[in-house]
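Fold and geometry: a report
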Amino acid sequence: DGAMSRTDVIVVGAGLAGLTAARALQVRGISTVILDKGRSPGGRMATRTIGNARYDHGAQHFSVRSPEFRAEVDSWRKSGLVTEWFSSPGATLADHRTEPRNVGRGGMRAIPEHLAAGLFVETSIHVERIERTDDGVAAISDHGTWRATAMIVTPPAPQANDLLRRSGMRLTDSAEATFAEADYDACVAIMAELDQGAGLPQGHLTPADEAVAWIADNENKGVSNTPAITIHSTPGFAEATLDHGPSHWIPRLVDASQPHLEGSVVTAAAHRWRYAQPRRTFDIGAMAATRDLPIVLAGEIYSGARVEGAFLSGAAAARLTEL
């Protein structure tokens, strides 16, 4: 219970941005509490077990472009946390032709779980509002109140905007402008068990299909010990069907994927990512949220998107947090 919890910095969201920020603050001797509405840390770096199968159902892999992230990923690789899955043409890389695609060993969630070790992470906590206190800020939830000197808010921009507005915060002009322009693609993920191996030539496929954007073989990837695929919908399919349920998504996405597979789908479950990916990004690292309180906004939308963007934004948010 957080009834009287006091810390230096409250971090809302235990995705990669929030975890990175908290770790950077910890190095400076600054205490943090991370509050997340999910059941486990990681946000979109998500891995789920259903029956005998395991699935990466959110972020599928990540590449590295910046020196700051490269240093971090090198340490992950040395410790066996991360492994290379495949290489793809690196369109933006002038210096080499292919871009390694990295994955968490045993699933993408291995990475946030590793980063969360040694941090104070409270899960299944929905922050209802933020309040000003005599000496800083407080996060109010149905499980209690946490007090701190400063706060870092990392959920997708529409959720951060809702939280700040219902808390009556006076937003900075740049936060107002960013929230007005922030826009995300949704995605429906299907986790499907197969009766035999998927047989995808490279372990993954981007079919030319209006419903299916991506099929990944979790067995090939080293995530699942049994045949299991993840299907990601296109943004168009997700947008058109977001308010329907799994009984609508699953048959359509499975039927569209089945011709590409050797094995047949036996069972399938769905997960909806309402804010799967920003359509555009604001490449400033992190941003002051309010005019008069030490609240910082962070997340991939502020730093070039994807896993790397979330990491860089979290690092920037820690630097912006003055105590």
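Everything below is about the structure shown above.
First, a word on scope: everything that follows refers to the structure included in this document.

The rules behind these values
- Residues numbered from 1 in each chain as written.
- Predicted model: local features only at pLDDT ≥ 70, side-chain atom pairs only at ≥ 80, totals over all residues.
- Heavy atoms only, no water.
- Helix = DSSP H or I, 4+ residues; strand = E, 2+ residues; numbered from the N terminus.
- Buried < 20%, exposed > 50% of the residue type's maximum accessible area, 1.4 Å probe, protein only.
- Polar contact = N/O pair within 3.5 Å; in protein donor to acceptor, adjacent residues only side chain to side chain.
- Expected span 1.5 Å × (residues − 1).
- Contact = heavy atoms within 4.5 Å.
- Pairing = 2+ DSSP bridges.
- Axes fitted to C-alpha atoms, helices over the stretch in contact; angles between N-to-C directions.
- Salt bridge = Lys/Arg side-chain N within 4 Å of Asp/Glu carboxyl O.
- Phe/Tyr/Trp six-rings, centres within 6.5 Å; stacked < 30°, edge-to-face > 60°.

**Description of the environment of Ser224**
As for its placement among the helices and strands, Ser224 is situated in the loop between β15 (212-217) and β16 (228-233). Given the relative accessible area of 4%, Ser224 is considered buried. Taking C-alpha positions, Ser224 is 34 Å from Gln26, a pair spaced 198 residues apart along the chain. Within polar-contact distance, the side chain of Ser224 engages the backbone nitrogen of Arg54 at 3.2 Å.

**Section: helix α8 (residues 306-320)**
Look at α8: 21 Å from first C-alpha to last across 15 residues, which is about the 21 Å you get at 1.5 Å a residue. Counting buried positions along α8 yields 12 of 15 residues, so the element is predominantly enclosed. Every buried residue belonging to α8 is among Val307, Glu308, Gly309, Ala310, Phe311, Leu312, Ser313, Gly314, Ala315, Ala316, Ala317 and Ala318, and all of these are buried. Buried residues along α8 sit in contact with α1 (16-27), α2 (67-78), β12 (150-153) and β19 (295-297).

**Looking at the pairing of β12**
On any regular strand, side chains alternate: one points to one face of the sheet, the next to the other face. Burial along β12 is two-sided: Ala150 and Ile152 facing one way and Met151 and Val153 facing the other are all buried. Examined bridge by bridge, strand β2 (residues 9-12) and β12 share 4 bridges and lie parallel to one another. Counted as the bridge partner of Val9 is Ala150 from β12. By the bridge criterion, 3 bridges tie β12 to β19 in an arrangement that is parallel. Considered in β19, the bridge of Val153 is made with Leu297.

**Quick look at the sheet that holds β16**
The 5 strands lie next to each other as β14-β15-β16-β13-β17, forming an open sheet whose pairing is antiparallel. Every other strand in the sheet has two partners, leaving β14 (204-205) and β17 (265-278) as the edge strands with one partner each. Summarising the sheet, β15 and β16 pair through 5 bridges and their orientation is antiparallel. For Val212, the partnering residue across the bridge sits in β16 and is Ser233. Across the face of the sheet, helix α7 (residues 246-257) comes into contact with β13 (184-194), β15, β16 and β17 while running at roughly 105 degrees to β17.

**What to know about the sheet that holds strand β11 (residues 144-148)**
Here we have 4 strands laid out as an open sheet, ordered β1-β11-β10-β9, and mixed in their pairing. The sheet terminates laterally at β1 (5-6) and β9 (127-133), the two strands that pair on one side only. Pairing analysis gives 5 bridges linking strand β10 (residues 136-141) to β11, with the strands arranged antiparallel. By the bridge assignment, Ile140 is partnered in β11 with Thr145.

**So, the side chain of Arg101**
Within the secondary structure, Arg101 sits in strand β7 (residues 98-104). One polar contact links Arg101 to Ser88, side chain to side chain, over a distance of 3.0 Å. Residue contacts for Arg101: discarding those within four places in its chain leaves His61, Phe62, Ser63, Thr83, Glu84, Trp85, Phe86, Ser87 and Ser88.

**Considerations on the pattern of salt bridges**
On inspection of all chains with the given rule, the structure shows 17 salt bridges. We note a salt bridge from Glu99 to Arg65, for which the minimum N-O separation is 2.7 Å. Of this pair, Glu99 sits in strand β7 while Arg65 sits in the loop between β5 (53-56) and α2; the two residues are 34 residues apart in sequence, bridging distant segments of the chain. With a relative accessible area of 44%, Arg65 lands in the partly exposed category. Here Glu239 and Arg279 are joined by a salt bridge, their closest N and O atoms 3.9 Å apart. In this pair, Glu239 is assigned in helix α6 (residues 235-241) and Arg279 in the loop between β17 and β18 (287-288), connecting sequence segments 40 residues apart.

**Regarding α1**
Taking 1.5 Å per residue as the helical rise, α1 with its 12 residues ought to reach 16 Å, and the 17 Å between its terminal C-alpha atoms agrees with that figure. What α1 keeps buried is the set Leu16, Ala17, Gly18, Leu19, Thr20, Ala21, Ala22 and Leu25.

**Let's talk about the side chain of His232**
On the secondary structure map, His232 appears in strand β16. Residue His232 is classed as buried on the basis of its relative accessible area of 12%. Not counting the four nearest positions on each side in its chain, His232 is found in contact with His57, Gly58, Gln60, Cys187, Val188, Ala189, Ala211, Val212, Ala213 and Trp214.

**Examining the pairing of β10**
Of all the 6 residues making up β10, 6 are buried; the element is thus mostly covered by neighbouring parts of the structure. Counting the residues between successive antiparallel strands, the hairpin from β9 to β10 contains 2 residues. Between the end of β10 and the start of β11, which pair antiparallel, lie 2 residues.

**A few points about the packing of aromatic side chains**
In this structure the tally under the stated criterion is 7 aromatic pairs. Taking the centre distance of 5.7 Å and the plane angle of 55 degrees together, the rings of Phe62 and Phe69 count as tilted. In this structure, Phe62 and Phe69 share a single accessibility class: buried. On the numbers, 6.1 Å between centres and 85 degrees between planes, the contact of Trp85 with Trp214 is edge-to-face. Placement of Trp85 in strand β6 (residues 82-89) and of Trp214 in strand β15 is noted, with a sequence separation of 129 residues between them. Of the residues examined, Trp214 reaches a relative accessible area of 11% and is grouped as buried. Among the aromatic residues, ring-to-ring pairing joins Phe62, Phe69, Trp76 and Phe311 into one connected group.

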